[in-house]
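Observations on chain architecture
Next come the chains, spelled out residue by residue.
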Amino acid sequence: MNNLLNDLSDSARWRLMVDAAKAGMMAKGYALERVPGRGMSNVWNVTKDGETRIASIRTTRDRYIAFPPLEGGAKWKTLDDVELVVVATVDSKDAPERVEVYLFPADDVRQRFNAHYAARLKEGQSIKDNFGMWVGLDRDDRGIAASVGTGILEKYEPIANYAIADLLAEHPPAQANDEEPVQAAGEIPATPTLATIAEVMAWARNRVAEIAGVQAEAVKLDLKLEY
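Residues numbered from 1 in each chain as written. Predicted model: local features only at pLDDT ≥ 70, side-chain atom pairs only at ≥ 80, totals over all residues. Heavy atoms only, no water.

**Here's the deal with the pattern of salt bridges**
In total, this model carries nine salt bridges according to the counting rule given. With its nearest N and O atoms 2.4 Å apart, the salt bridge here joins Arg110 to Asp107. In this pair, Arg110 and Asp107 are both assigned in helix 2 (residues 106-122), three residues apart and thus about one turn of the helix distant. Take Arg110: its relative accessible area is 17%, and that puts it in the buried class. In this structure, Arg142 engages Asp140 in a salt bridge whose closest nitrogen and oxygen atoms are separated by 2.6 Å. (Salt bridge = Lys/Arg side-chain N within 4 Å of Asp/Glu carboxyl O. Helix = DSSP H or I, 4+ residues; strand = E, 2+ residues; numbered from the N terminus. Buried < 20%, exposed > 50% of the residue type's maximum accessible area, 1.4 Å probe, protein only.)

**Topic: the sheet that holds strand 10 (residues 160-163)**
Ordered by their spatial adjacency, six strands build an open sheet running 1-2-3-7-8-10, and the pairing between neighbours is mixed. Since the sheet does not close on itself, it has two edges, and those belong to strand 1 (31-34) and strand 10, each with one partner. Pairwise comparison of adjacent strand axes, ignoring direction, gives a mean angle of 30° for this sheet. On the sheet, helix 2 packs against strand 7 (84-90) and strand 8 (98-105) and is oriented at approximately 90° with respect to strand 8. (Pairing = 2+ DSSP bridges. Axes fitted to C-alpha atoms, helices over the stretch in contact; angles between N-to-C directions. Contact = heavy atoms within 4.5 Å.)

**Some details on unusual backbone geometry**
Phi at Thr78 takes a positive value of approximately 70°, unusual for a residue other than glycine. Classification of Thr78 as buried rests on a relative accessible area of 7%. Positive phi values are uncommon outside glycine, yet Asn130 reaches one of about 65°. The class for Asn130 is partly exposed, based on a relative accessible area of 26%.

**Focus on the packing of aromatic side chains**
Applying the stated criterion to the full structure yields five aromatic pairs. Arranged with centres 5.6 Å apart and planes meeting at 75°, the rings of Phe67 and Phe113 form a pair that is edge-to-face. Of this pair, Phe67 sits in strand 4 (residues 64-67) while Phe113 sits in helix 2, and the two are 46 residues apart along the sequence. A relative accessible area of 0% places Phe67 in the buried class. Ring geometry for Trp76 against Tyr117: centres 6.0 Å apart, planes inclined by 90°, an arrangement best described as edge-to-face. With a gap of 41 residues between them, Trp76 in strand 6 (residues 75-76) and Tyr117 in helix 2 connect regions that are remote in the sequence. Note on Tyr117: relative accessible area 8%, which makes it buried. (Phe/Tyr/Trp six-rings, centres within 6.5 Å; stacked < 30°, edge-to-face > 60°.)

**Some words on a nonpolar patch on the surface**
Together, Ile197, Leu223 and Leu225 make up a nonpolar patch on the protein surface, roughly 300 Å² of accessible area in all. Mapped onto the fold, Leu225 is located in the segment after helix 4 (197-212). (Patch = residues over 30% accessible without salt bridge, like charges linked within 9 Å, V, L, I, M, F, W, Y side chains within 5 Å. Areas by Shrake-Rupley, 256 points an atom, 1.4 Å probe, with all protein chains shown as cover.)

Quick look at the structure:
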């Protein structure tokens, strides 16, 4: 089946999935109000039954979510400021047909990220502050550091499930609201501003190492520029 997301721009894909997350929350009785001044963090006040809580919306097309560690893993950017984490994820990273929406307690997410951080540190991997650390939504059974903290979807049922075709029909890309930046989506949350080729290569090497479950020193990348 044709991957409908491939036909969209990055910003349109992000808006589609954020709209799905918001629709899922509203279907569960939540009223949402964007917290101003949070830049790329995509943080919302969500109110239900007279109780207002703070939620972070994350979207992912590879079924990983990320938050950046701070102060050597003692804190987490954005995650430490919220009570709920709303995740909109595709049902399949290779052949997505639907967007699933999940609602997680932030405490559970923090525990998983803390455990993941500690496992990677114990394995001797290089971890930098303010770089997004990815943890898989699906369980990773490889038994390596990258496996620790994964599998949160085993504990929670989706609060909503939408066909991508239906979302596109309801919210055509041409009608998208341009008020928010693409990176607010959380697909690559808090990826730092990279100003040099060396910084880009270092970031890519760390990301590959994290996915493969090896130390960054084991990853060798080649860069070729053609003019």
